[in-house]
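Structural characterization, general
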Amino acid sequence: MKEGSEHLLWMACIRSLDLSGEKIKSETLTMLDQNLASNDIDELILSESNIELRELNLLVKTMRWNLRILNLSSNCIGEKGAEYLSRNQTWTNLQTLNLFENYIGDKGVEYLTNNKTWNNLQTLNLYFNNIGDKGAEFLSSNQTWNNLQTLNLSSNKIGDKGFEYLSNNQTWTSLQTLDLSFNNIGDKGAEYLSNNQTWTNLQTLNLSENNIGEKGAEYLSNNQTWTNLRTMRLH
């Protein structure tokens with residue numbers, strides 16, 4: 001087999017790209033799109049890549065891959081980056097979106113929840129994104145992610161009111177893991193959360209490092225919906 005043919009065969013086998021820590025430029029994305037356009041790339045990892053808005057917009061608009069996993073953690077894309085992401089209309093198979101440490105804020109959450117394409121999303125990581133009660137309200141009103149199984153909202157700024165919004169969500173019937181650790185939740189927030197009647201498949205609930213006391217624990221223990229719950233962390 002000729003060297004050129006071996007190269008093409010090797011390229012054709014690529015399904016996952018990990019460019020973590022690499023400075024992503026427009027030329028890089030264009031080259032990848034041209035050389036791997038026919039590949040079924042389903043996983044793209046761009047964590048700590050200092051991706052800028054221009055490149056993020058190019059990724060969303062021109063890349064022809066129907067991604068299943070996208071990791072953009074630790075890029076600080078902000079709310080504008082979240083807006084660009086939300087415009088995507090091609091990732092119909094997207095199952096995992098990792099936006100850990102991107103500071104998208106409440107407005108960024110609003111943009112993401114307006115996306116109508118990612119109806120197969122199963123895992124959403126919004127850890128450390130400066131999300132408050134308003135962002136929780138936007139999340140709770142989402143009606144597209146009915147396959148969501150894992151939601152990480154740890155290390156944000158969600159308070160009791162945000163918990164009330166989240167508890168009223170009626171879409172995430174498949175939710176199994178919810179991480180709300182390191183927020184600003186007290187007994188009242190726990191009471192709100194305990195009123196949830198939708199998350200019948202919930203198995204793991206992390207509420208550690210909040211301000212929930214004995215009364216809040218009592219409220220949570222009275223929930224009659226989470227019959228599949230196996231792990232609850234309060235401290």
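Just above sits the structure.
First, a word on scope: everything that follows refers to the structure included in this document. (Residues numbered from 1 in each chain as written. Predicted model: local features only at pLDDT ≥ 70, side-chain atom pairs only at ≥ 80, totals over all residues. Heavy atoms only, no water.)

**Focus: the overall build of the chain**
A tally of helices and strands in the chain yields nine helices and nine strands. Over its C-alpha trace the chain gives a radius of gyration of 20 Å, about what one expects of a compact globule, namely 18 Å for 235 residues. By the burial criterion, 49% of the 235 residues in the chain qualify as buried. In the chain, of all internal contacts separated by at least 6 residues, the share reaching a separation of at least 24 is 89%. Each charge sign in the chain was given a centre, from 19 positive and 27 negative side chains, and these centres are 6 Å apart. (Helix = DSSP H or I, 4+ residues; strand = E, 2+ residues; numbered from the N terminus. Rg over C-alpha atoms; globule rule 2.2 N^0.38 Å. Buried < 20%, exposed > 50% of the residue type's maximum accessible area, 1.4 Å probe, protein only. Contact = heavy atoms within 4.5 Å. Lys, Arg positive; Asp, Glu negative; His and termini not counted. Charge placed at Lys NZ, Arg CZ, Asp CG, Glu CD.)

**What about the pattern of salt bridges?**
Summed over all chains, the structure comprises nine salt bridges. Close ionic contact of Lys-80 with Glu-83 constitutes a salt bridge, the shortest N to O distance being 3.1 Å. Of this pair, Lys-80 and Glu-83 both sit in helix α4 (residues 78–86), three residues apart, which is roughly one turn of that helix. On the accessibility criterion, Lys-80 (38% relative accessible area) is partly exposed. Notably, a salt bridge pairs Glu-83 with Arg-87, separated by 3.1 Å at the nearest N-O pair. The class for Arg-87 is partly exposed, based on a relative accessible area of 39%. Through salt bridges that share partners, Lys-80, Glu-83 and Arg-87 make up one connected network. (Salt bridge = Lys/Arg side-chain N within 4 Å of Asp/Glu carboxyl O.)

**Considerations on the packing of α4 against helix α5 (residues 105–113)**
Running from N to C, α4 and α5 cross one another at 0 degrees; their axes reach a closest spacing of 8 Å. When the axis of α4 is compared with that of α5, the two are roughly parallel. When α4 is examined against α5, the residues Glu-79, Ala-82, Glu-83, Leu-85 and Ser-86 are found in contact with a partner set consisting of Lys-107, Gly-108, Tyr-111 and Leu-112. Across the contact of α4 with α5, the residue classes tally to four nonpolar, two polar and three charged. (Axes fitted to C-alpha atoms, helices over the stretch in contact; angles between N-to-C directions. Parallel < 35°, antiparallel > 145°, perpendicular 65-115°, else oblique. Nonpolar A, V, L, I, M, F, W, Y, C, P; charged D, E, K, R; others polar.)

Without other data, these values stay purely geometric and don't point to any function.
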